[in-house]
Amino acid sequence: MPGYGTGRGLTAAGAPGAEAEGPDEDVEFWGLLYLDPLLELRLLASESAARTELAPGSLPPGEALSSAAQSLTGDARLRELLDAAGIGEEFPASVAAVLTSPDCRQFLRSPAASDEVGALARAFTAEAVRRRAERQGAAQAFDGTARDEAVARIVALLPGDPSDGADGSDGPGTHRGPVTRRVKKLAGRLALGLASAQAVKRRSALTDAAHPAAGDVLLYLSRGDAIREVVAEAVRAAEPPVVLLAHSLGGIASLDLLVLRALPEVELLVTVGSQAPFLYELGALPSLEHGSPLPEHVPRWVNVYDRRDLLGYVGAGVFPDRVQDVALDSRQPFPLSHSAYWSNPELYRLLAEELP
């Protein structure tokens, strides 16, 4: 497990016990927004209203924001970024849903609106991710970097405080302004109850999203011969040298196959978000008893993981000198992090270096 027993993650180089780089708090906040896209707007409106009341006859600060938001999809660059983030199709309906919600209407009437345009951009984006995941299941390849670039473009297109994210360190994909710092403290106190309530409310959807992966693993452990044979047939049909690239359960099946059979045509195994090292340590890997080394005929193995992917494990600790662990960062919370590898450009750069 990445960072097991240290209370910390791993560095990009995979060194245990070192502080992981990257704004973890922002990723965690996005996880809350995916559950409740209006959370930040609701908390900002509540705090702002407590501090300041509008003068009689003055226009709501968010009137221009609302008008500009309805024209966002006319921007070609934003459409490109949304498509790259995997949410272009859902975005127009998401903007309409957020703008017409009571929480957003309250936010747009509050003094916070003109200073916190990033919160509105994040609400639009989080609602689009929520809709996409709900429509097609959680196993979607959402890229956190592309998401943040889309948020930055939305902020640039909306009227408001130009200092929001303009300093290069506190970009619109993050939440570090003076008001949003307080919002995050409030959100932290609400997080456990919110997650619990949402989990109960959406139990059917969460079960539908979770059971295929768990069921697949259990099926494989019970009757994996046919699955390994499918992989073996694909190897035989390929022109050598062969690289096996496998995600999640595919990594378990591929490693098992290579342990059980000498396949000299396979030059490299690349596993992505795989549980194979964990099953080995549990003594549940079908091909290899815990404590036994990898056979010499197993080819070079590159194991890609994301420390936020709770289904991705590191292998160097249990297979010394036989596995090269490579950390990637999708900037997505779990479970989206388990599939976000495939939208991460860093994975394709790695593959370009490794493929013959």
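How each quantity is defined
Residues numbered from 1 in each chain as written. Predicted model: local features only at pLDDT ≥ 70, side-chain atom pairs only at ≥ 80, totals over all residues. Heavy atoms only, no water. Buried < 20%, exposed > 50% of the residue type's maximum accessible area, 1.4 Å probe, protein only. Helix = DSSP H or I, 4+ residues; strand = E, 2+ residues; numbered from the N terminus. Pairing = 2+ DSSP bridges. Right-handed = clockwise from strand over helix to strand, strands pointing away. Phe/Tyr/Trp six-rings, centres within 6.5 Å; stacked < 30°, edge-to-face > 60°. Axes fitted to C-alpha atoms, helices over the stretch in contact; angles between N-to-C directions. Salt bridge = Lys/Arg side-chain N within 4 Å of Asp/Glu carboxyl O. pLDDT = per-residue confidence, 0-100. Contact = heavy atoms within 4.5 Å. Arc of directions from axis to C-beta. Expected span 1.5 Å × (residues − 1). Parallel < 35°, antiparallel > 145°, perpendicular 65-115°, else oblique. Left-handed = near helix turned anticlockwise from the far one by under 90°. Nonpolar A, V, L, I, M, F, W, Y, C, P; charged D, E, K, R; others polar.

**Student:** Account for the pairing of strand β1 (residues 242-247), with residues named and values stated.
**Tutor:** Residues Val 242, Leu 244 and Ala 246 of β1 are buried on one face, while the alternating residues Val 243, Leu 245 and His 247, pointing to the opposite face, are not. Two strands pair when backbone bridges link them, and β1 and strand β2 (residues 266-272) are joined in this way by six bridges, in the parallel orientation. Directly across from Val 243, in β2, lies its bridge partner Leu 268. Viewed along the sheet, the connection from β1 through helix α12 (residues 249-260) into β2 turns out right-handed.

**Student:** Residues and numbers for the packing of aromatic side chains, please.
**Tutor:** Applying the stated rule across the entire model yields five aromatic pairs. Arranged with centres 5.8 Å apart and planes meeting at 40 degrees, the rings of Trp 30 and Tyr 34 form a pair that is tilted. With Trp 30 and Tyr 34 both in helix α1 (residues 24-35) and four residues apart, the pair spans about one turn of that helix. Grouping residues by exposure puts Trp 30 and Tyr 34 together as buried. Judged by centre distance (6.3 Å) and plane angle (90 degrees), the ring pair of Phe 91 and Phe 124 falls under edge-to-face.

**Student:** How would you explain the pairing of strand β4 (residues 323-327) if you had to name every residue and give the values?
**Tutor:** Among the five residues of β4, four are classified as buried, and the element is accordingly described as predominantly covered. Bridging between strand β3 (residues 300-305) and β4 involves five bridges; their strand directions are parallel. Within the sheet, the bridge partner assigned to Val 304 lies in β4 and is Val 326.

**Student:** Can you lay out the sheet that holds β4 for me, pointing to particular residues and giving the numbers?
**Tutor:** Spatial ordering of the open sheet is given by β1-β2-β3-β4, a layout of four strands whose pairing is parallel. Edge positions in the open sheet fall to β1 and β4, since each of these has one partner strand only. Strand-to-strand, the axes of this sheet are offset by a mean angle of 20 degrees, without reference to chain direction. As defined by bridge partners, β2 adjoins β3 across five bridges and the pair is classed as parallel. Counted as the bridge partner of Val 272 is Val 304 from β3.

**Student:** So what's going on with the pattern of salt bridges? Which residues, and what values?
**Tutor:** Pairs may arise between side chains of opposite charge once their charged atoms sit close together. Counted by the stated rule, this structure contains 16 salt bridges. Where Glu 80 meets Arg 77, a salt bridge forms, and the shortest distance between an N and an O atom there is 3.2 Å. Pair noted here: Glu 80 and Arg 77 are both in helix α4 (residues 76-85), with a separation of three residues, about one helical turn. A residue is classified by how much of its surface remains accessible, and Glu 80, at 49% relative accessible area, is partly exposed. One salt bridge in this structure joins Arg 236 and Glu 229, with 2.8 Å as the shortest N-O distance.

**Student:** I'd love a proper account of unusual backbone geometry, names of residues and values included.
**Tutor:** Between Pro 240 and Pro 241 the backbone carries a cis peptide bond, its omega angle lying at -5 degrees. Mapped onto the secondary structure, Pro 241 falls in the loop between α11 (225-237) and β1. In this model, Phe 334 is joined to Pro 335 through a cis peptide bond whose omega is 10 degrees. Counting through the fold element by element, Pro 335 comes out in the loop between β4 and α14 (345-354). If you check the backbone angles, Ser 248 has positive phi at about 55 degrees while not being a glycine. Among the structural elements, Ser 248 can be located in the loop between β1 and α12. Residue classification places Ser 248 among the buried positions, given a relative accessible area of 12%. Positive phi, normally seen in glycine, also occurs at Arg 331, with a value near 60 degrees. Positionally, Arg 331 belongs in the loop between β4 and α14.

**Student:** So, the confidence of the model for the chain: which residues are in play, and what are the values?
**Tutor:** On average, residues of the chain score 81 in pLDDT, and 74% of them are at 70 or above. For the stretch residues 9-22, pLDDT sits under 50, and the model shows 27 contacts to residues farther than four places along the chain or on other chains.

**Student:** How would you explain helix α5 (residues 91-99) if you had to name every residue and give the values?
**Tutor:** Looking at α5, one finds that the buried residues are Phe 91, Ser 94, Val 95, Val 98 and Leu 99. Looking down the long axis of α5, one finds its buried residues gathered within 125 degrees of arc, a one-sided arrangement.

**Student:** Explain α11 residue by residue, including any values.
**Tutor:** End to end, α11 covers 18 Å across 13 residues, agreeing with the expected 18 Å (1.5 Å per residue, within 8%). Residues Arg 228, Val 231, Ala 232 and Val 235 constitute the buried set of α11. The buried residues of α11 occupy one face: seen down the axis, they fall within an arc of 100 degrees. Among the exposed residues of α11, those oriented more than 90 degrees off its buried face are Ala 226, Val 230 and Ala 237.

**Student:** Run through the packing of α4 against helix α8 (residues 144-157), naming residues and quoting values.
**Tutor:** Relative orientation of the contacting elements α4 and α8 amounts to 155 degrees, with a least axis distance of 8 Å. What the angle tells us is that α4 and α8 run roughly antiparallel. In this structure, α4 crosses over α8, and the sense of that crossing is left-handed. For the pair formed by α4 and α8, the contact residues are Arg 77, Leu 78, Leu 81, Leu 82, Ala 84 and Ala 85 on the first element and Ala 146, Arg 147, Glu 149, Ala 150, Arg 153, Ile 154 and Leu 157 on the second. Looking at side-chain class alone, the contact of α4 with α8 contains nine nonpolar, no polar and four charged residues.

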